[in-house]
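# Examining the three-dimensional arrangement
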Amino acid sequence: MNTTPLYNRHKALGARFVEFAGWEMPLQYSGVIEEHHAVRKSAGLFDVSHLARIEIKGENAIPFINKLITTDFEKLKQGNSQYTLLCDENGGIIDDLLLYKRPDGSIFLCANAINREKIIAWLKNHSSHYNVEIRDVTDAFAQIALQGPAAKGILQKLTSTNLSEIKKFAFVEINFNGITLLSSRTGYTGEDGFEIYPSASIAESVWDKLIATGAASGLKPAGLGARDTLRLEMGYLLYGHDIDEKRTPLEAGLGRFVSFEKGDFIGRAALIAQRQNGIKRRLIGFELIDKGIPRQGCKILAKGIEIGAVTSGNISPTLKKGIGLGYVNIGYDKIGEEIAVEIRGKNVLARVVSLPFYKKLQEK
């Protein structure tokens, strides 16, 4: 299995490891719930170096990527990042991406680890008519996510850059303890935070500085377990669970990330047809009324009839109840609709709720 540049640090911290997309990654350190609450109340530090990182350079970089993605990258200001989707001709989701528009016109792309080879092949296969250079730089960098309400204060102690001037989804090069590092105000937890991209050779020293500086603020190293419960509380979708090539952005509730007005892109015609004809299923969020833990694959029922299946589910450490995501037939997707989730042969009562489950950001 692959290991990240921070593998030895995780071992020293007593991490429990798990295989994920071909990588040996820390699942937890002190425990999923403790790490989850640390991120919600103070800060957590994640190693997400397993994610794929790709550079696209050349005079046609921007029109090239705009032909492939569902959002309008042309309109994005330099120095900002954009969440977007890569679809096939049928409108199925190949991956969800985060794209960074650099001041020099080049693009930094972050994709899911499980799709690394597929994305590189897709990009190269569609690049023949464009003057672009596509480079896989995953192994050259680490990726560290500092997340939580105390994140800005912790990072500010290590940089002369005024972090308050970095808006959500913006990125800059910061002076980190004498080293120049790319940092973006992004994350996958529903809390404020920053993702930092040190070169692989200095990743351990950057990690150590953050751990030491954040200790007084309650910072804890956090693994994939807490990352999953945090993203689920926000209703953030996970590739391979909630989205894949068999589902479209319209079915997944991601229509706001599809810019039909920008002109042609791969999958546009299929999505227009689906919008005109109407979708037959839709992703919903639900919370259990009775006790139980919903898991991927559990049947969703209404009046004893199977209407869909769970794609992601768990106990919410913040809400202290079972929550989940799943696709159901149209007509059963209304907020407040009572449904049931089959868990270990028992039908557990639930109701359809609006997303996100965790509303803190909307209250700020």
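Just above, that's the structure.
A brief look at the structure comes next. (Residues numbered from 1 in each chain as written. Predicted model: local features only at pLDDT ≥ 70, side-chain atom pairs only at ≥ 80, totals over all residues. Heavy atoms only, no water.)

### Details of the sheet that holds strand E3 (residues 44–47)
Taken in spatial order, the six strands of this open sheet run E10-E11-E12-E9-E3-E13, and their pairing is mixed. Strands with a single pairing partner mark the edges of an open sheet, and in this sheet they are strand E10 (171–176) and strand E13 (220–221). The pairing of E10 with strand E11 (residues 179–184) spans six bridges and is classified as antiparallel. Note on E11: the bridge partner recorded for Val-172 is Ser-183. (Pairing = 2+ DSSP bridges. Helix = DSSP H or I, 4+ residues; strand = E, 2+ residues; numbered from the N terminus.)

### Brief notes about the nonpolar core
With 26 residues, the main nonpolar core has Leu-45, Ile-144, Leu-146, Leu-155, Ile-174, Phe-176 and Leu-210 as its most contacted residues. Breaking this core down by element, the ones donating at least two residues are strand E9 (144–147), helix H5 (151–156), E10, strand E12 (193–197) and helix H6 (203–214). A per-element tally of this core places H6 first, with four residues. Those residues in contact with Leu-155 that sit more than four places away from it in its chain are Leu-146, Leu-163, Ile-174, Phe-176, Ser-183, Phe-194, Ile-196 and Leu-210. Membership of the second largest hydrophobic core comes to 25 residues, among which are Ile-62, Phe-73, Leu-123 and Ile-266. (Core = buried A, V, L, I, M, F, W, Y, C linked by side-chain atoms within 4.5 Å. Buried < 20%, exposed > 50% of the residue type's maximum accessible area, 1.4 Å probe, protein only. Contact = heavy atoms within 4.5 Å.)

### Focus: the pattern of salt bridges
This structure, assessed with the given rule, holds 20 salt bridges. The partner of Arg-40 in a salt bridge is Glu-191, and the shortest N-O contact between them spans 3.2 Å. Taken as a pair, Arg-40 in helix H2 (residues 32–41) and Glu-191 in the loop between E11 and E12 lie far apart in primary sequence, 151 residues in all. Classification of Glu-191 by relative accessible area gives buried; the value is 1%. A salt bridge links Arg-231 to Asp-228; the shortest N-O distance between them is 2.9 Å. Highlighted residues: Arg-231 and Asp-228, both in helix H7 (residues 224–233), separated by three residues, approximately one helical turn. (Salt bridge = Lys/Arg side-chain N within 4 Å of Asp/Glu carboxyl O.)

### Re the packing of aromatic side chains
Tallied over the full model, the rule gives nine aromatic pairs. An angle of 40 degrees between the planes, with centres 4.9 Å apart, marks the rings of Tyr-7 and Phe-17 as tilted. Residue Tyr-7 is located in helix H1 (residues 7–12), and its partner Phe-17 is located in strand E1 (residues 16–20); the two are separated by ten residues in the primary sequence. For the ring pair Phe-108 and Phe-141, a centre distance of 6.5 Å and an interplane angle of 75 degrees mean the geometry is edge-to-face. Of the two residues, Phe-108 is situated in strand E7 (residues 107–111) and Phe-141 in the loop between strand E8 (133–136) and E9; the sequence distance between them amounts to 33 residues. By relative accessible area, Phe-108 is classed as buried at 2%. Relative accessible area serves as the criterion here: at 24%, Phe-141 is assigned to the partly exposed category. Put simply, the rings of Tyr-100, Phe-108, Phe-141, Phe-171 and Tyr-197 pair up and form one aromatic cluster. (Phe/Tyr/Trp six-rings, centres within 6.5 Å; stacked < 30°, edge-to-face > 60°.)

### Points about H6
Taking 1.5 Å as the rise per residue, H6 with twelve residues should run 16 Å; its terminal C-alpha atoms sit 16 Å apart, in good agreement. Among the residues making up H6, those that are buried are Ala-203, Val-206, Trp-207, Leu-210, Thr-213 and Gly-214. Angularly, the buried residues of H6 cover 140 degrees about the axis, an arc narrow enough to put them on a single face. (Expected span 1.5 Å × (residues − 1). Arc of directions from axis to C-beta.)

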